[in-house]
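Survey of secondary and tertiary structure
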Amino acid sequence: MSVTIHIPTPLRSYAGGQAEVAVDAATVGDALRALAGQYPSLTRHLYTDAGVLRSFVNVFVNDTNARELAGEATAVAPGDSLMIIPAIAGGRP
Amino acid sequence: MTALLDPRVATEAALTPGEIRRYSRHLILPEVGMEGQKKLKTSRVLMVGAGGLGSPIGLYLAAAGVGTLGVVEFDVVDESNLQRQLLYGQSSVGRSKLEAAAERLSDINPYVKIEPHAVRLSSENALELFRGYDLVVDGTDNFPTRYLVNDACVMTGKPNVYGSIFRFEGQVSVFWGAQGPCYRCLFPEPPPPGLVPSCAEGGVLGVLPGIIGALQANEVVKLLLGIGEPLIGRLVLFDALRLKFRELKLKKNPECPLCSEHPTLTQLIDYEQFCGLGPSEAAEEMGIETEELPWEVTSLELKAWLDDGRDLVLLDVRNPPELAICRIDGSRFLPLPELPERAAELDGEQGRLIVAYCHGGVRSLKAAQYLRARGFGKVVSLAGGIDAWSRHVDPRVPRY
């Protein structure tokens, strides 16, 4: 079951420059783990050292925040799109 | 949506013949008309930041006839601002942004009253400042100020017209705790420093703040006029490279510490600390402890080491486009994002002193931390990066 994960610009350099990655997954959590499996350097941007999804990482299933659904357990179907929404602030380093 | 402005105030206002000529294209729009234009005239908008986003916001709001435009800004115009900050020109370089912006905005529309606030927005001044305006437009460039703007807006009941940019991507929304979600409903906590690159590291397409700032100005005008569908409870994402807009639904977080029914956050906090930017937190976040070898070397120290013929490896961890601008001769190049996968390439250098550098010294400090954690014993970061090298050691290296 292939779902498309949209990678935001700030994270693309950790995902081989890809804007979209297709993974086989049945839930949001599966999809993110599959993504991190393909691109290990993304892992620390998505998960804490304890393996918990970082609180500032927002994942939207189509146009709805997974937090408002079942979080990482939210089921995904083929053709669904997942978007990782990063917090971006602008210029100051 | 309840009206933002008290309609009685606008009814009492009057437009001069000059204003009627100036605003004629608004006045013949039924959705604006004389009544709407008077609303704009009596409205008070506070812009936080007069940079990339603030430029189009200010230019359009002044042109539209927003009666009072407050501007919070304390920076000075730098040459590198001119690629995107259209409020300023070559002649403004070195001037206070606030003064230059006030002149430009008054020239666009002398009917607009500009209220300059030459302060850094802080937990001490934000609430009082915000109370004097109908709404606040967030054109800031960093997480601490974004959380401060959001929190102070919720506490004072003001809408926060939000826009943010990075490289080729932008976000726009209207966060208004009284009517919908706030910024904290979406991002309860900021990312720790170091996990999200800044525009100064990652760059930003000059047109992008023009587009995002114009969208913010559009939302401001709609909110003031009370027309259309404001961007409350929706987040618009813009991708300039693919020219795609996406819209996501945002809901109020019932457990939001700020805007839920039972808030736990009822006064402003220390936002630098909250965003992990306090000195101790920054060091802790980056795992920095006191050790024998310092973490940083100054450009002058590095110059002395090189002059002494000390054995060391110069490691450039910037991104490829930056390498095309300039480099320090004799450097190895390994961009920070590729370091985890390619660190093994440096195994042959084990035991040698590695001096990592980037543009300003933040990424190279991360690289040093990463490499030390991987067992490279002697890694330091060039403080101030290649920029400091150019300023203090080799002026032939162009600054960017």
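What comes next is a walk through the structure. Quick caveat, the model's predicted, so the values are computed rather than measured.

What to know about the pairing of strand S10 (residues 312-316) of chain B
Residue and element names in this part refer to chain B. As paired strands, S10 and strand S12 (residues 353-357) are joined by 5 bridges and run parallel to one another. Considered in S12, the bridge of Val313 is made with Ile354. Bridge analysis of S10 against strand S11 (residues 332-333) gives 2 bridges, and the strand direction is parallel. Looking at the pairing, Asp316 lines up with Phe333 of S11.

Regarding the interface of chain B and chain A
The interface of chain B with chain A comprises 36 residues on the first partner and 24 residues on the second. Elements that contribute at least two residues to the side of chain B that touches chain A include exactly helix H8 (143-156), strand S5 (160-166), strand S6 (169-175), helix H10 (199-202), strand S8 (244-249) and helix H16 (339-342) of chain B. Ranked by residues supplied to the side of chain B that touches chain A, first place goes to H10(B) with 4 residues. Here the side of chain B that touches chain A is built from residues that sort into 18 nonpolar, 8 polar and 10 charged.

As for the packing of helix H5 (residues 54-64) of chain B against helix H11 (residues 207-225) of chain B
Residue and element names in this part refer to chain B. Two numbers describe how H5 lies on H11: the axes approach to 7 Å, and their chain directions differ by 40°. Every pair of crossing elements has a handedness; the one defined by H5 and H11 is right-handed. Residues Gly54, Ser55, Pro56, Ile57, Tyr60, Leu61 and Ala64 of H5 pack against Gly210, Gly213, Ala214, Gln216, Ala217, Val220 and Val221 of H11.

Observations concerning unusual backbone geometry
Residue and element names in this part refer to chain B. Look at Arg167: it is not a glycine, yet its phi comes out positive at around 55°. Mapped onto the elements, Arg167 comes out in the loop between S5 and S6. Of note, the phi angle at Leu243 is positive, near 45°, even though the residue is not glycine. Mapping Leu243 onto the fold places it in the loop between strand S7 (234-239) and S8.

Description of the sheet that holds S5(B)
Residue and element names in this part refer to chain B. If you walk across this open sheet you meet the 8 strands as S3-S2-S1-S4-S5-S6-S7-S8, and the pairing is mixed. Every other strand in the sheet has two partners, leaving strand S3 (113-117) and S8 as the edge strands with one partner each. Averaged over all adjacent pairs, the angle separating strand axes in this sheet is 15°, with direction ignored. Inspection of the sheet shows S6 paired to S7 by 4 bridges, in the antiparallel sense. By the bridge assignment, Gln171 is partnered in S7 with Leu237. H8 rests against strand S1 (44-48), strand S4 (135-138), S5 and S6 of the sheet, and its axis sits at about 165° to S4.

Parameters at a glance
Residues numbered from 1 in each chain as written. Chains lettered and ligands numbered in written order. Predicted model: local features only at pLDDT ≥ 70, side-chain atom pairs only at ≥ 80, totals over all residues. Pairing = 2+ DSSP bridges. Helix = DSSP H or I, 4+ residues; strand = E, 2+ residues; numbered from the N terminus. Contact = placed C-beta atoms within 7 Å. Nonpolar A, V, L, I, M, F, W, Y, C, P; charged D, E, K, R; others polar. Axes fitted to C-alpha atoms, helices over the stretch in contact; angles between N-to-C directions. Left-handed = near helix turned anticlockwise from the far one by under 90°.

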